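Chains, contacts and geometry: an overview
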Amino acid sequence: MTEPNRPEHDRQANPGGGPGARPEVLDRAELLDRVGGDIDLLRKLVALFLADCPRLLGEIQEAVTRADLPRLERAAHTFKGAVGNFAAPAAFAAALQLETVAHGGDLARAADGYAALAGAVARLLPELRALAGGGDSS
Amino acid sequence: MNVLIAEDEAVSRCLLQNHLEKWGHHVVAAADGAEAWRLFEGGQFTLVVSDWIMPEVDGVELIRRIRASGRPRYVYTILLTAKSQKGDVIQGMEAGADSFLTKPFDREELRVHIQAGERIIHLEHTLAEQNRALREAQAALIQSEKLASLGQLAAGVAHEINNPVAYVTNNLAVLRRDVTAALGVLDAYRRGLDDLARVRPDLAAAAARLEENIDLAYVRDNLPRLFEKSQGGLQRVRDIVCNLCNFARLDEGESKEVDLRSAVESTLEIIAHEVKARGVEVRTDFPPLPPIVCHPGQVNQVFLNILMNAVQACAPGGWVAVRTRLEPGDLVVVEVEDNGCGIRPEHLPHLFEPFFTTKPVGQGTGLGLSVSYGIVRDHGGSIEVESTPGRGSVFRVCLPRVAARPGKDQPPPVRGPG
């Protein structure tokens, strides 16, 4: 088996991937390692996530609005599963927090949890777009 | 391996599929548990990677159904989920999951879990193969035991029959000679019948009555035919006994000079009932051959296997042609050709492997040709095969007139070529 590209190498070879990549928003090294340095695969995953993200977030928002905790728990769980693939600690933690809040039946904190998640995702999306769209696979 | 993925979340599904395909697996991905179950029912998967939480049919239910499906081959299942508490692991494993992987999964961790699955599948496969081979070896053993005791029985019966047949044959010859002589005496007396009628009319009348009672004229006519038929019948009994002895050859552990033509003829006699039952015509072309040195019992077994296969390959009305000839280099060749179903090209390389059979389970042990191969090889000869599916096959047994290395007191080797 060929050794996956080392993250350091990718960073050097691919310096124009976007400004200010904060690892708590997106850990690029970790993400590139996960896809084995396969930029094409990464683009595909990001495209899938970007396409699915509004629906997933909408589902969470609606569950919060309707105070439907089981539905919120399930939606947050699914979102966590999706975002978990991207080495995005902040968004992942926010989704986990929301799932835990819903599981614990703490409706009061659900709206805050959703706001935190939406914020984390808003910070994550440009990073992902930059990495996948601007990333030069050569 | 054929891998089925069940994952309702698109990014994870794509990533999983990508990794597994990169590792050389054939992957089918389902977007939920219900779809996965449909795909599983219609496919042949050896490994299933499933998410736990999915709408309708969840991962645990999917695995429960897979375990209840009673597939003949083992299916290795991996539950892939964000759940990670101890209770969840127990519930998943109780349902039949083989291993557990938490999301977001680590690529290397997934790889070694898949590898573990491959190991188990491979072991299960090997075990199933060994079980099959064991069962067949057992069947072959029973079969060869049966053949051996049949041979012993045949030899015993042959011996018991030979004695009375010998003295009946002898007595019949004496009886024929004596009756013929007695008839001569009777003829001599009958020439004086007219004189007797004059001197002792009462005696002549008594004799005439007796003649009439037994229809002497018919008896005189019929007696030779009666003797001939009886002698023919005895000859037939002697032939049958001789064939049985020839075939069983239990009294001959050593190699000796054998006329291959009579060996093949004996074998054809043994399978005559099978030939008749299947409506197969046997054509023979046996020019005189010099005797060869071989183990007669073993060589008969080779012809039995090959002739039986040829007959069984034929459809009703088919034919089997048996030819013998002498080839340069002091090789004696026995060729068995049939116009039966033929052998598929992909089966040809396995023909002489032990346990290889195309007959339905329980009908062939897959040992006939491998045993034959070993016997012929030990006689310094060879077996060649040509076959066209749908047209028929030719088996050619070549034996040197004097075996290069006649395996003495060796069990027939059960090994294929190579």
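What you see is a predicted model; the values in this text were computed from it and never measured. (Residues numbered from 1 in each chain as written. Chains lettered and ligands numbered in written order. Predicted model: local features only at pLDDT ≥ 70, side-chain atom pairs only at ≥ 80, totals over all residues. Heavy atoms only, no water.)

A few points about the overall build of chain B
Heads up, the condition is: Runs of H or I in DSSP of at least four residues are treated as helices and runs of E of at least two as strands, each being numbered from the N terminus. Accessible surface is estimated by sampling points in the Shrake-Rupley manner with a 1.4 Å probe; for residues, cover comes only from the protein chains shown.
Along its length, chain B carries 12 helices and 12 strands. Accessible area of chain B: about 22,700 Å², with a carbon and sulfur share of 55%.

Re the overall build of chain A
Rule in force here: Relative accessibility decides the category of a residue: with a 1.4 Å probe and only protein chains considered, values under 20% of the type maximum give buried, values over 50% give exposed, and everything between is partly exposed. Two residues qualify as a contact provided that any one of their heavy atoms is within 4.5 Å of a heavy atom in the partner residue.
Along the backbone of chain A there are 6 helices and 0 strands. Across the 138 residues of chain A, 46% fall into the buried class. Here the contacts in chain A between residues at least 6 apart in sequence split such that 68% fall between residues at least 24 apart. Within the structure as shown, chain A displays about 6,700 Å² of accessible surface, and the carbon and sulfur contribution to it stands at 53%.

Description of helix 12 (residues 368-378) of chain B
All names here are of chain B. Buried residues dominate helix 12, accounting for 9 of its 11 residues. Restricting attention to buried positions, one finds in helix 12 the residues Leu369, Ser370, Val371, Ser372, Tyr373, Gly374, Ile375, Val376 and Asp378. Looking at the buried residues of helix 12, the elements they touch are helix 11 (296-313), strand 11 (382-388) and strand 12 (392-400). Gly380 occupies a position one or two residues after helix 12 and carries a positive phi of about 75°.

Thoughts on the interface of chain A and chain B
The cut-off we apply is this: By convention in these notes, a salt bridge is any Lys or Arg side-chain nitrogen within 4 Å of a carboxyl oxygen on Asp or Glu. Throughout this description, a polar contact denotes any pair of N or O atoms lying within 3.5 Å of each other; where both atoms belong to protein, one of them has to be capable of donating a hydrogen while the other can accept it, and for residues adjacent in sequence the pair is counted only when both atoms sit in side chains. Amino acids are sorted into nonpolar (Ala, Val, Leu, Ile, Met, Phe, Trp, Tyr, Cys and Pro), charged (Asp, Glu, Lys and Arg) and polar (every other residue, Gly among them).
Contacts between the two partners involve 23 residues from chain A and, on the opposite side, 17 residues from chain B. The closest approach of N and O atoms between Lys22(B) and Asp38(A), which form a salt bridge, is 2.7 Å. Summed over the shared surface of chain A and chain B, the number is 5 residue pairs in polar contact (both at pLDDT 80 or more). Only helix 2 (28-34), helix 3 (39-65) and helix 4 (69-83) of chain A provide two or more residues apiece to the side of chain A that touches chain B. Partitioning the side of chain A that touches chain B into residue classes produces 10 nonpolar, 6 polar and 7 charged.

A closer look at the sheet that holds strand 1 (residues 2-6) of chain B
Residue and element names in this part refer to chain B. What counts, and what does not: When DSSP finds two or more bridges between two strands, those strands count as paired. In this description, a line fitted to the C-alpha atoms serves as the axis of each element, helices being fitted only across the stretch in contact, and the angle between N-to-C directions of two axes falls anywhere from 0 to 180 degrees.
Read across the open sheet, the 5 strands follow the order 2-1-3-4-5; overall the sheet is parallel. Here the strands that pair on one side only, and so sit at the sheet edges, are strand 2 (26-30) and strand 5 (99-102). Going from strand to strand, the sheet's axes swing by 20° on average, the running direction of each strand aside. Across the sheet, helix 2 (residues 33-42) lies against strand 1, strand 2 and strand 3 (47-51), angled at about 140° from strand 2, the strand it touches most. Here helix 3 (residues 59-68) sits on the sheet and contacts strand 1, strand 3 and strand 4 (76-81); the angle it forms with strand 4, its principal contact strand, is near 175°.

Quick notes on the pattern of salt bridges
All names here are of chain B. Taken as a whole and judged by the stated rule, the model has 34 salt bridges over all chains. For Asp98, the salt bridge goes to Arg67, with nearest N and O atoms at 2.8 Å. Pair noted here: Asp98 is in the loop between helix 4 (86-95) and strand 5 and Arg67 is in helix 3, with a separation of 31 residues, a long-range link. Asp98 gets classed as partly exposed once you look at its relative accessible area, which sits at 22%. Members of the salt-bridge network, linked through shared partners, are Arg323, Arg325, Glu327, Glu335, Glu337, Glu384, Glu386 and Arg396.

Comments concerning the packing of helix 3 of chain A against helix 4 of chain A
Residue and element names in this part refer to chain A. Worth spelling out the cut-off: By the definition adopted for this analysis, an angle is roughly parallel if under 35 degrees, roughly antiparallel if over 145, roughly perpendicular if from 65 to 115, and oblique otherwise. A clockwise turn of the near helix away from the far one marks a right-handed crossing, whereas an anticlockwise turn of less than a right angle marks a left-handed crossing.
Running from amino to carboxyl end, helix 3 crosses helix 4 at an angle of 155°, the nearest separation of the two axes being 9 Å. The angle between helix 3 and helix 4 places the two elements in the roughly antiparallel class. When the axes of helix 3 and helix 4 are compared, the crossing they make is left-handed. Here Phe49, Cys53, Leu56, Leu57, Glu59, Ile60, Glu62, Ala63 and Val64 of helix 3 lie close against helix 4, whose contacting residues are Arg71, Leu72, Ala75, Ala76, Thr78, Phe79, Ala82 and Val83. Split by residue class, the contact of helix 3 with helix 4 holds 13 nonpolar, 1 polar and 3 charged.

Side note on a nonpolar patch on the surface
Residue and element names in this part refer to chain B. Where we set the bar: To count toward a patch, a residue needs a relative accessible area over 30% and no salt bridge; like charges are then connected within 9 Å, while nonpolar side chains (Val, Leu, Ile, Met, Phe, Trp, Tyr) are connected within 5 Å.
Nonpolar side chains collect at one region of the surface, where Leu153, Val157, Ile161 and Val237 lie side by side and expose about 290 Å² of accessible area between them. Counting residues per element, the nonpolar patch draws most heavily on helix 5 (residues 107-190), at 3 residues. Among the secondary structure elements, Leu153 is positioned in helix 5.

Some details on a negative patch on the surface
To keep things clear, this is the line we draw: Positive: Lys, Arg. Negative: Asp, Glu. His and the chain ends are not part of the count. Every charge is mapped onto a representative atom, which is NZ of Lys, CZ of Arg, CG of Asp or CD of Glu.
Together, Asp239(B), Asp259(B), Glu265(B) and Glu269(B) make up a region of like negative charge exposed at the surface. Judged by relative accessible area, which is 34%, Asp239(B) ranks as partly exposed.

Examining the sheet that holds strand 10 (residues 331-338) of chain B
Residues and elements named next belong to chain B. In space, the 5 strands of this open sheet follow the order 7-9-10-12-11, with mixed pairing throughout. The two strands at the open ends of the sheet, each matched to only one other strand, are strand 7 (281-285) and strand 11. Put simply, the sheet's adjacent strands are angled 15° from each other on average, direction ignored. Strand direction decides the pairing type here: strand 11 and strand 12, joined by 7 bridges, are antiparallel. Looking across to strand 12, one finds that Val385 is bridged to Phe395. Strands strand 7, strand 9 (319-327), strand 10 and strand 12 of the sheet are contacted by helix 9 (residues 260-270), whose axis makes an angle of about 30° with strand 10.

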